[in-house]
Amino acid sequence: MFTVKAKLQQTPTSTEQSDSEDTFEQRNKITFVRSNSEPSLTKPDPVSSDSPKFQPSSLNPDLLPDSPYPPEITKFEVTSPTPTTYLKFEKHVVEHFSSLPTKVEEVLHTAEVYEGHLSWSTGYAAVVTLTYCYVWNYKKDHDKQPLKRPDTVYKFQMPICKDDEPSSNKSYDKLPLVCIIPSIQGANPGLMVCTPEGEFRYWEDISYAMTEANRYKSLQLHLRDNDRGIYLTCHEIKRSLRENWAIIFGTERAALYRINIFQSNGKPTLDYTLFPRPGGIMSQLSSYIWQSGNISGGDFGKIVSTTLGIKLGKNHFSGTYVLLEKSLEKWDLPLTRNHTPKYSSGYDIYKSIVQEIRYNDGGFEAEDREIKLLDLEYARNEELILLVSSVPNSNQMEFDETKNVSYFLIVLNIPELTSDNGQYNIVRCIPLKVQSNISLGPQAHLIMPNGGPATFVVFPQAIFLTTIIKGANYNNIVTMRDPINDRIIGFCAEGSKSWHFKDKDDNISQIHVLTTKTGVMSCQLNIAEIKEKSPQNKYDEMDIEDSQAKTNRELKSTLEQAVFRKGEQNVPVECTLSPDFKGDINQVVLEISDEILESRSKFMENLNDLSFQLNERNKRMSNLIKFINNSNIMDKLYYSTRQQIFWDSEKVACAKKLWEYYNMSYNSSRDTIEESLRKLMTNAIQDYIQDRNIKIKPLEDIPRYFFRYRVRDLGSVFTHIQRVIEILSDTEARSTTVLEANAIILLCFDAAFDFRRNNKELYAITTNDSKGSWTYQPELLKVLQRQFEETDVAIRNYTLQSSNKSLYSIDENDNVHSHSIKLEKLKDHLSGLADVLFKLTAQRLICDDIIEKNFAQNYRDQWTDILKKLVTNGMSDKAFDLSETYEDYKSLVSLIMESNLDVNKYIEIYMLKYKEKFAFMLYEWYFEKERYADLLSQQHATKHKEWLQKFLNERNLSGISWIHDINMRQYSDASIKTRHLAQKVKRIEDRKTFLSISKLTYLTELKDDSELKSDQVLETFDEIRKCGELVIAYKEIQDQFIKAATSSNQRFYNEYDQVNYIAKKVISNVQESRPLLAKLFIQCIPRILRGEKVSTEELVGVMTLRDVKQKDDYPFVLLFVSEDKLLPDALRRELLQTIWRRIYINDRWDWISDTNDMSDEEINERISDTAVFHTLLVAQDNEKPLSQWFNPPASSFFASTVEQLQSRFPTFKEEQIKELIEDYKKENIALQHAIQELQLNTHVDHALRLLKLKSLGDDDQLDPMEVEDT
């Protein structure tokens, strides 16, 4: 197999010129290397698209109601493709042009590395390897015998590259460069080759290969060390006075040479002329000196491409533009070899192009992507067109070439033709909307036949088609079907990279490409058609409808070629849909699907072999959706469109399966069963045709007619099958017919379900909604229900006959169809019908249509009866399987509980078999019957208590046992359990409720009033009181949060936004000054909004950090902390320090300290208004010593260690602990400032004395730990 090297080399070639203008040819080459192991590139799934051998059609009308056959299809005046046409559209065509010679095919299969080359003007092609070059005439006999292989191949020995330097691309680096030289007298062309070391060989006539292979002229260029030739091109210039071509040779180090061929003594001779860059006198004395680097430009980078520009006068005939890796040069090419090329200008265009592409390619960072200049052309409107790629840098870990490489056409002005101060300015940047499922890679080549406007970008695996017409917005791509083994290795076009006359107008532009497997292909672009659709040629208002129909026809033609030609082995290219396609894709896709479904497409053969025809329809349906996926336009299809073509495809798949089953009956022995099948189908379809009043041709094969044209009504046939059964009176005949009807019905439904299971993802069907499917028809539920009943009756009849030996006999020659065999089949059918009926019912129960739901619920209510019949017929396992499959354990439980079975025995069996699934539904049955005590008293409830406990927990019924305790008058146990539940619930109100119930049940258990004074009772009552106060506090905080969230018309799309908005409104000051404390606060907001508890430490933060606090917030949280029995003493001390610290830094002590012009009463009033005074006032009534709840300022500093904080906040990282300490230090600083600068101790002592509490000076009344110096 062949793999493409990372670099794709390009050099121009010669082109033929018409009588009216000069043309040049571009030599392009793509190198392949044979790998010793399997290539890393895997073969992708090709895009499903090709052009069939047919005409584009109009959008076909639907069948008329009274017409059983497809109508005539409108023909359009478009020439039908020839056998060599691969793709044919109104705007572009791809055709086979010439096959590969057999010898060249062998070379391409065996050569280690090779290049391809095409010459437009000479009509010759070449493939060069390391040792030989093979040349042949690919245009010969093209018009007469396009598929004929060329019979003459000229073989030339190549000079051997002597470069022994190690290289990762060693073979590739040694490959000779080649170009075909047009003949002066119009005879056979010549061939020029050269090694990368600069050794040239020139054969004046390729026919020398036959008899005089060594008759060539040689030339050796002495290149600079570490330099190598990489570029060779031949520009044909027939209109010049003395020369017929200009051959340019370039190197990696930007050295340029003109290779001259001239006659000396009647023999061809070679020499060269150097392109001297400006660098002083010394640079012009010797090519060696110039090549040594003594020039002003430094490192120019390698030669990328060249193109001829405008014609010049005097001694120079043409301006020549040279594209290097990051710059653009212009040279004046002389008329003859006797004159030296003249350097005109050189500009660094790379930076401006990078900026322009960055603007057009999503604003990437400069270091993220690498911009590469790939190719250039001189357009006929006197602008330069550059092809540029944007590639992720190689240091990026993830790189998907298909998605990450972008391509652009950069349009530059010509400085000498404008007044732009001699600079190349970017006129336009045209992004190329390259859309392909294969990796195109970062390299490409640009071809503009005769200077455009048609533009072709050639990749090894594809051809991108576009134009430079302003506003045309045309893009398309032709990809190779086998991008690994059939790649493009050469290409050419008339007038590419040559002079152009402004008045020449090509309506059709084309290029030729050489591939490794197909040969030469022609790709044509209809410029006239594209111009007609451009904004400059808008349609008149009266033609809008016609234009829409035309764009739909074009779109349909594309899809039809993709659908009907995919899979043809002789088509090497894929049809693709451009990203900016026009037309109603939904309308077109639906129509193509409909035409395939009803065999109305003109591109499908009307064969008598219906099996083949149905198989083809099935493939075409598959091709349609695969093409949509591969073209990345699935998102442009409405969901309803995807569903419709999904259901259409399903019908074809089911019809295919059913016909195969029906058709097999002809291959079997002509027995009763097979005849019954054919008779049943024929009668049912006949009944359908009569019911629809369809007139068919005389002697029409009725089943074939239905499967060919009426598959849409597949579901309706089952209703008519039911009718056929109903009119049968003979029991045996009816049972046999029921057997065959079951087989038909189940076969179709199984095919439908298999199709959905395997193709939902392909069609992007994201729901289980089957509305629109043939299986969704309402009458099918009735058919299935009725068929189930008929089968049950047939089973009973056969069972009765089997039990009566006198009525049951077996024909020795017909053992296969004995009653016992039929009985087993009917039982299988019975379970299968139940399965399908359950599935269809379940699908309807989840739909949005309330009428459909109610209709399906009627059948859902019968599931228990159906399962009961399965059990009755000895298929308990089937019933259990269905219950498990459809999670219908409710019906199974009802079946057990309401039957004469040994309930406890079967409950135990099914519990062991189905585990929790059955057990939970059993518990639900008890709850629905409100038999709570009965449930808890059952043996299985005790034996499987872990399942019952899990059930109660999952259903939020973990406290159900206390109800049973009350029912059993076990009030003490109920009181204990509800008190425990109160500690577990999250919601404060629920906690209060459970405590109240605990109180009531406890009081009920008491015998006299004396027990009311017990410590346990008082403790419970006190706990209930505190819980009530806590509920009120939570409610106030919750109301504040809700008010903050609803204070404006702000809408929140998630909880995160809502919580942050509340935080901004409630603790904005803390967020700015103490961010880690604010983070802890924010974590509590969602839980408080949900009415859930937070920890005591979190409650302290919520109550003391809000910007606006209620009057009683501080005393409430202070008392709550001091009375919380579950708090460790160390944590209680830390929390009391925090509360008092925040109380002290809350008040305006600077304002209180200012006593100027104030009376003692006014000073006392200010002290009384402080948070310190109010907290002391409220807290003094708690009947606890002052030392247990009061902290003086000096004892309120934060002094916890890192280890203590880590134990309190185990999820915090080390950096977060440090940030938290910093927040607490800020509070310490504020407290220290109040003590030292604002007389805080004096004010606190003042408040204590006003309340007649101990003063700060009464040290003997305080705990020594509270006055430690922090």
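Because the structure is predicted, anything quoted here is derived from the model rather than measured.

Asks: It is not clear to me how the overall build of the chain should be interpreted in this structure. Could you clarify?
Replies: Looking only at helices and strands, one finds 43 helices and 32 strands in the chain. The buried share among the 1270 residues of the chain stands at 54%. Restricting to contacts in the chain with at least 6 residues of sequence separation, those with at least 24 account for 66%. Put simply, the chain shows about 58,800 Å² of open surface, and 47% of that area lies on carbon and sulfur atoms.

Asks: Sorry, what's going on with a negative patch on the surface here?
Replies: Together, Asp 1160, Glu 1161, Glu 1162, Glu 1165 and Asp 1169 make up a negatively charged patch on the protein surface. By the secondary structure assignment, Glu 1161 is in helix α39 (residues 1160-1168). Assessed through its relative accessible area of 58%, Glu 1161 is described here as exposed.

Asks: Sorry, what's going on with the sheet that holds strand β27 (residues 462-467) here?
Replies: What links the strands of a sheet is backbone hydrogen bonding, and the strands pair in either a parallel or an antiparallel sense. Judged by pairing direction, the sheet is antiparallel, and its five strands sit side by side in the order β25-β26-β27-β28-β32 without closing on themselves. Only two strands of the sheet have a single partner each, and these edge strands are β25 (445-447) and β32 (573-574). The pairing of strand β28 (residues 475-480) with β32 spans two bridges and is classified as antiparallel. The partner of Thr 479 across the bridge, within β32, is Glu 574.

Asks: Where do I start with helix α20 (residues 863-872) in this structure?
Replies: The α-helix winds at 3.6 residues per turn, so residues separated by three or four positions along the chain end up facing the same way. Those residues of α20 that fall on the buried side of the exposure criterion are Trp 863, Thr 864, Ile 866, Leu 867 and Leu 870. The arc that holds the buried residues of α20, viewed along the axis, is 160°, so those residues lie on one side. Just beyond α20, the residue with positive phi is Gly 874, at close to 80°.

Asks: Just checking my understanding: could you explain unusual backbone geometry for this structure?
Replies: Most peptide bonds adopt trans geometry, and most residues besides glycine take a negative phi value. Put simply, Gly 452 and Pro 453 share a cis peptide bond, and its omega is 10°. Residue position: Pro 453 is located in the loop between β25 and β26 (454-458). In this structure, Glu 382 is a non-glycine residue whose phi angle is positive, near 65°. Structurally, Glu 382 is set in the loop between β21 (369-378) and β22 (384-392). According to the relative accessible area criterion, Glu 382 is partly exposed, its value standing at 27%. For Asp 1157, which is not glycine, the phi dihedral falls at a positive 60°.

Asks: For this particular structure, what's the right way to read the confidence of the model for the chain?
Replies: Low pLDDT means the predicted atomic positions in that stretch should not be read closely. The predicted model of the chain averages 78 in pLDDT, with 79% of residues at 70 or higher. Segment residues 1-66: pLDDT under 50, and 316 contacts once partners within four positions in sequence are set aside and those in other chains are kept. In this model, residues 71-82 is a region of pLDDT below 50 whose contacts with residues beyond four sequence positions or in other chains number 25 contacts.

Asks: Help me out: how do you make sense of the side chain of Asn 260 in this one?
Replies: In this fold, Asn 260 is placed in strand β15 (residues 256-264). Dropping the residues within four chain positions of it, Asn 260 is found in contact with Thr 269, Leu 270, Asp 271, Tyr 272, Thr 273 and Arg 337.

Asks: Is there a simple way to think about the UniProt feature "coiled-coil region" (unreviewed entry) in the chain in this case?
Replies: Look at the UniProt record and you will see "coiled-coil region" (unreviewed entry) annotated at residues 1214-1241. Helix makes up 93% of residues 1214-1241 and strand 0%, whereas the separation of the span's terminal C-alpha atoms amounts to 35 Å.

Asks: Explain the sheet that holds strand β30 (residues 508-515) to me, please; I cannot follow it from the model alone.
Replies: On the basis of which strands lie adjacent, the open sheet formed by five strands has the order β3-β4-β31-β30-β29 and antiparallel pairing. Strands at the two margins of the open sheet, each flanked by one partner only, are β3 (85-88) and β29 (488-493). If you compare each strand with its neighbour and ignore which way they point, the axes differ by 20° on average. Sheet topology places β30 next to strand β31 (residues 520-526); seven bridges connect them, and they run antiparallel. Paired with Leu 514 across the strands is Val 520, a residue of β31.

Asks: Please explain the packing of helix α18 (residues 819-845) against α20 as it appears in this structure.
Replies: To describe two helices that pack against each other, one gives the angle between their axes and the distance between the axes. For the pair α18 and α20, the least separation of the axes is 11 Å and the interaxial angle reads 165°. Compared by their axis directions, α18 and α20 come out roughly antiparallel. Helix-helix and strand crossings are classified by hand; for α18 and α20 the assignment is left-handed. Touching Leu 830, Ser 831, Ala 834, Leu 837, Phe 838, Thr 841 and Ala 842 of α18 are Trp 863, Ile 866, Leu 867 and Leu 870, all from α20. Within the contact of α18 with α20, the residues separate by chemical class into nine nonpolar, two polar and no charged.

Asks: Mind showing me how you'd approach the side chain of Gln 938 here?
Replies: Looking at the secondary structure, you find Gln 938 in the loop between α25 (932-937) and α26 (939-943). In this view, Gln 938 contacts Asn 904 and Tyr 926; residues no more than four positions away in its chain are not counted.

Asks: What is the right way to look at the pattern of salt bridges in this model?
Replies: Where charged atoms of side chains with opposite charge meet at close range, the side chains can pair. Throughout the structure, instances matching the rule amount to 46 salt bridges. As a salt-bridge pair, Glu 252 and Arg 228 come within 3.4 Å of each other at their nearest N and O atoms. Here Arg 228 lies in the loop between β12 (217-220) and β13 (229-236) and Glu 252 lies in the loop between β14 (245-251) and β15, a separation of 24 residues in the sequence. For Glu 252, a relative accessible area of 28% puts it in the partly exposed group.

Asks: Help me understand the packing of α39 against helix α43 (residues 1240-1250) in this model?
Replies: Where α39 meets α43, the closest approach of the two axes is 10 Å, and the angle between their N-to-C directions is 95°. One way to sum up the angle between α39 and α43 is to call them roughly perpendicular. For the pair formed by α39 and α43, the contact residues are Ile 1163, Asn 1164, Ile 1167 and Ser 1168 on the first element and His 1243, His 1246, Ala 1247 and Leu 1250 on the second. Of the residues belonging to the contact of α39 with α43, the class tally is four nonpolar, four polar and no charged.

Asks: Could you clarify how one ought to interpret the packing of aromatic side chains in this entry?
Replies: The relative placement of two aromatic rings is captured by the distance of their centres and the angle of their planes. Scanning all chains against the criterion turns up 44 aromatic pairs. A ring pair is formed by Phe 749 and Phe 753, whose centres lie 6.0 Å apart and whose planes are at 40°; its orientation type is tilted. A residue pair is termed a helical-turn pair when its members lie 3 or 4 positions apart in one helix, as Phe 749 and Phe 753 do in helix α16 (residues 731-759) at four residues. Among the residues examined, Phe 753 registers a relative accessible area of 8% and is labelled buried. Its guanidinium or amino end placed over the ring of Phe 1212, Lys 1079 lies 5.9 Å from that ring's centre, counting from NZ or CZ.

Definitions and limits used
Residues numbered from 1 in each chain as written. Predicted model: local features only at pLDDT ≥ 70, side-chain atom pairs only at ≥ 80, totals over all residues. Heavy atoms only, no water. Helix = DSSP H or I, 4+ residues; strand = E, 2+ residues; numbered from the N terminus. Buried < 20%, exposed > 50% of the residue type's maximum accessible area, 1.4 Å probe, protein only. Contact = heavy atoms within 4.5 Å. Areas by Shrake-Rupley, 256 points an atom, 1.4 Å probe, with all protein chains shown as cover. Patch = residues over 30% accessible without salt bridge, like charges linked within 9 Å, V, L, I, M, F, W, Y side chains within 5 Å. Salt bridge = Lys/Arg side-chain N within 4 Å of Asp/Glu carboxyl O. Lys, Arg positive; Asp, Glu negative; His and termini not counted. Charge placed at Lys NZ, Arg CZ, Asp CG, Glu CD. Pairing = 2+ DSSP bridges. Arc of directions from axis to C-beta. pLDDT = per-residue confidence, 0-100. UniProt positions renumbered as here; feature names shortened; annotations may be inferred. Axes fitted to C-alpha atoms, helices over the stretch in contact; angles between N-to-C directions. Parallel < 35°, antiparallel > 145°, perpendicular 65-115°, else oblique. Left-handed = near helix turned anticlockwise from the far one by under 90°. Nonpolar A, V, L, I, M, F, W, Y, C, P; charged D, E, K, R; others polar. Phe/Tyr/Trp six-rings, centres within 6.5 Å; stacked < 30°, edge-to-face > 60°. Lys NZ or Arg CZ within 6 Å of the ring centre and 35° of its normal.

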